[in-house]
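# Working through the structure, step by step
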Amino acid sequence: MSTVPTIKLNHGGVEIPIIGYGLGTAHFKRAGDETLDPAITTATQTALSVGFTHLDGAEAYGNEPELGLALSSSPQYPRSSLFITTKLYKSISSPSEALSTSLKKLGVDYIDLYLIHAPFWDENEKGITIEQAWRELEGLYDKGLVKAIGVSNFGIEELERIRKVARVLPAVNQVEYHPYLQNPELKEYHKNHGIVTAAYGPLIPITKGAPGPLDSVIEELSKKYNKSATQILLRWAIDDGNVVITTSSKEWRMKEALAITEFKLDEEDVEKIRTVGKEKRHRIFWNKEFKE
Ligand SMILES: NC(=O)c1ccc[n+]([C@@H]2O[C@H](COP(=O)([O-])OP(=O)(O)OC[C@H]3O[C@@H](n4cnc5c(N)ncnc54)[C@H](O)[C@@H]3O)[C@@H](O)[C@H]2O)c1
Ligand SMILES: OCCc1c[nH]c2ccccc12
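Residues numbered from 1 in each chain as written. Chains lettered and ligands numbered in written order. Predicted model: local features only at pLDDT ≥ 70, side-chain atom pairs only at ≥ 80, totals over all residues. Heavy atoms only, no water.

Looking now at the sheet that holds strand β6 (residues 111-116). Spatial strand order, β3-β4-β5-β6-β7-β8-β9-β10: eight strands in a closed barrel with parallel pairing. Geometrically, the sheet is characterised by an average inter-axis angle of 30° between neighbouring strands, direction not taken into account. (Pairing = 2+ DSSP bridges. Helix = DSSP H or I, 4+ residues; strand = E, 2+ residues; numbered from the N terminus. Axes fitted to C-alpha atoms, helices over the stretch in contact; angles between N-to-C directions.)

Attention now goes to the environment of H178. Relative to the helices and strands, H178 is located in the loop between β8 (172-176) and α7 (184-192). Along the chain, H178 and T85 lie 93 residues apart, while their C-alpha atoms are 21 Å from each other. Residue contacts for H178: discarding those within four places in its chain leaves G201, P202, I204, P205, W236 and H282. Separated by 3.3 Å, the side chain of H178 and the backbone oxygen of H282 make a polar contact. (Contact = heavy atoms within 4.5 Å. Polar contact = N/O pair within 3.5 Å; in protein donor to acceptor, adjacent residues only side chain to side chain.)

Assignment of secondary structure puts E256 in helix α10 (residues 251-258). Residue E256 is classed as buried on the basis of its relative accessible area of 11%. (Buried < 20%, exposed > 50% of the residue type's maximum accessible area, 1.4 Å probe, protein only.)

Before going further, it helps to spend a moment on the UniProt feature "active site" (unreviewed entry) in the protein. Cross-referencing UniProt, the feature "active site" (unreviewed entry) maps to Y61 in the present numbering. Looking at the secondary structure, you find Y61 in the loop between β4 (54-56) and α2 (64-72). Setting aside residues up to four positions removed in sequence, Y61 forms contacts with L23, G24, F28, K29, D56, K87 and H117. (UniProt positions renumbered as here; feature names shortened; annotations may be inferred.)

Two quantities define a packed helix pair, namely the angle between the helix axes and the distance between the axes. Where helix α1 (residues 38-50) meets α10, the closest approach of the two axes is 10 Å, and the angle between their N-to-C directions is 40°. Considering their axes alone, α1 and α10 lie oblique with respect to each other. Like other packed secondary-structure pairs, α1 and α10 cross with a definite hand, here right-handed. Within the contact between the two elements, α1 uses A43, T46, A47 and V50 and α10 uses E251, M254, K255 and L258. (Parallel < 35°, antiparallel > 145°, perpendicular 65-115°, else oblique. Left-handed = near helix turned anticlockwise from the far one by under 90°.)

Look at the UniProt record and you will see "binding site: substrate" (unreviewed entry) annotated at H117. If you trace the backbone, H117 turns up in the loop between β6 and α4 (123-126). Non-local contacts of H117, meaning those with residues more than four positions away in its chain, are made with A58, A60, Y61, K87, L88, Y89, S152, N153 and W286.

Moving on to the site of ligand 1. The immediate surroundings of ligand 1 are formed by 25 residues, with T25, D56, N153, T246 and W286 found nearest. Within the side chain of N153, one N or O atom sits 2.9 Å away from an oxygen atom of ligand 1. A distance of 3.4 Å separates an oxygen atom of ligand 1 from a polar backbone atom of G201. Within the complex, the protein chains bury 82% of what would otherwise be the 860 Å² of accessible surface of ligand 1. Classifying every residue of the shell around ligand 1 by side-chain character gives nine nonpolar, 13 polar and three charged. (Near = heavy atom within 4 Å. Areas by Shrake-Rupley, 256 points an atom, 1.4 Å probe, with all protein chains shown as cover. Nonpolar A, V, L, I, M, F, W, Y, C, P; charged D, E, K, R; others polar.)

Right, let's talk about the site of ligand 2 for a bit. The immediate surroundings of ligand 2 are formed by seven residues, with F28, A60, Y61, H117 and W286 found nearest. One of the side-chain nitrogen or oxygen atoms of Y61 is found 2.4 Å away from an oxygen atom of ligand 2. Side-chain polar atom of H117 to an oxygen atom of ligand 2: 2.8 Å apart, as the coordinates give it. Relative to its unbound accessible area of 310 Å², ligand 2 is 90% covered by the protein chains. A per-class count over the shell around ligand 2 returns five nonpolar, one polar and one charged.

As C-alpha cells, then:
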C-alpha cells in the first residue's frame, strides 16, 4: 500500500495528507442521536485499512464517538501516522470546552487540525465574534492540543477579520471547491497568505451538479488516462493545488479514490477542466436551501 503524499502547512512543520476521508456527508447522524451507528465505525475502519491517513470529522456530524471507536479498534495505525481534523460550530461560544468534548469522544489527546466549521453564526446570540473565536483557537494551538488551526466556508471578508487580529494565520480553509465553483479570488487570497485550500464536494460535477459542460471533457480524459471520471475529478482537485476531501461507504470507491496518488494530469488538461468548468456555477453546501 503506498503512503499518501503530504503538503506542508504554514504551522511549524505540520504536514497534511493530500486526500482526506470525510465523515460528514455519507455518515453524519441526526443532532442529539446518541446511539452508536456501527456502519460508520466499519466504514472508517475500512478507510484506514485501504490506506486513508487523513480523517475529516466535525462536532456537527454527531459521529465523533464512531470515529473514536474506529481509531481505538485499529491500533495497527498509530496516532502519529494519522491526521485527524475536527471542527466546531454549535459550541463556538466555548472553544476550549468543545475541544475537550471532541478529544474525549475521539479518544485522542490532540487534534491535527481544528477548524471553525463556518462563519455564519449570530455573534450576539452566541456571545462571541469571529475575532474572539480565532484568539481562542490560537490559545488551544499554543497549548499544543491542536497541531494546526484553520477555518471552513470562510470568504475573503471573514479571513480578513481574522488576519487583522491573528498571531497565527489559518493553516487551511476547507471550502466547497470543484470545477463548477472555483472562486479564483479566494484561491488567490489563500495563495498570498499561505493558506491551503481543502476542497470538499470535489465530485459535484458528476453527482449533484451533472449534467454540465464538463461531461464530454471528463469522458475524453477518462479515455486518455484510463482512469474513472471520479479519479479525473479528484486528481484535478490535487493538480489545481488543493487538498481534497471525499467520502464513500464502499471499499472499492475508497480504493478508487486513493489510487489518484498514482497518476497526474498534464497541465493542459488541468487548464482545460478549469476553463470549461467556468461555464457553469453550481453550489450545494451552505446556500439558502442547505440545512445543517
Ligand atoms: N466543511 C464543510 O462544510 C463540509 C461540507 C461538505 C462536505 N465536507 C466534508 O467533505 C466530505 C466529502 O464531501 P462530499 O460528499 O461532497 O464528497 P464528494 O464530492 O467526493 O462526493 C462523495 C460521493 O460521491 C459518490 N460518488 C463517487 N463517484 C461517483 C460517481 N462516479 N457517480 C456518482 N456518485 C459518485 C460517492 O459514493 C459519495 O457518496 C464530507 O464527508 C465532509 O467530511 C465538509
Ligand atoms: O460539513 C458538511 C456540512 C455540514 C454542516 N453541518 C452538518 C451536519 C450534518 C451533516 C453535514 C453537515
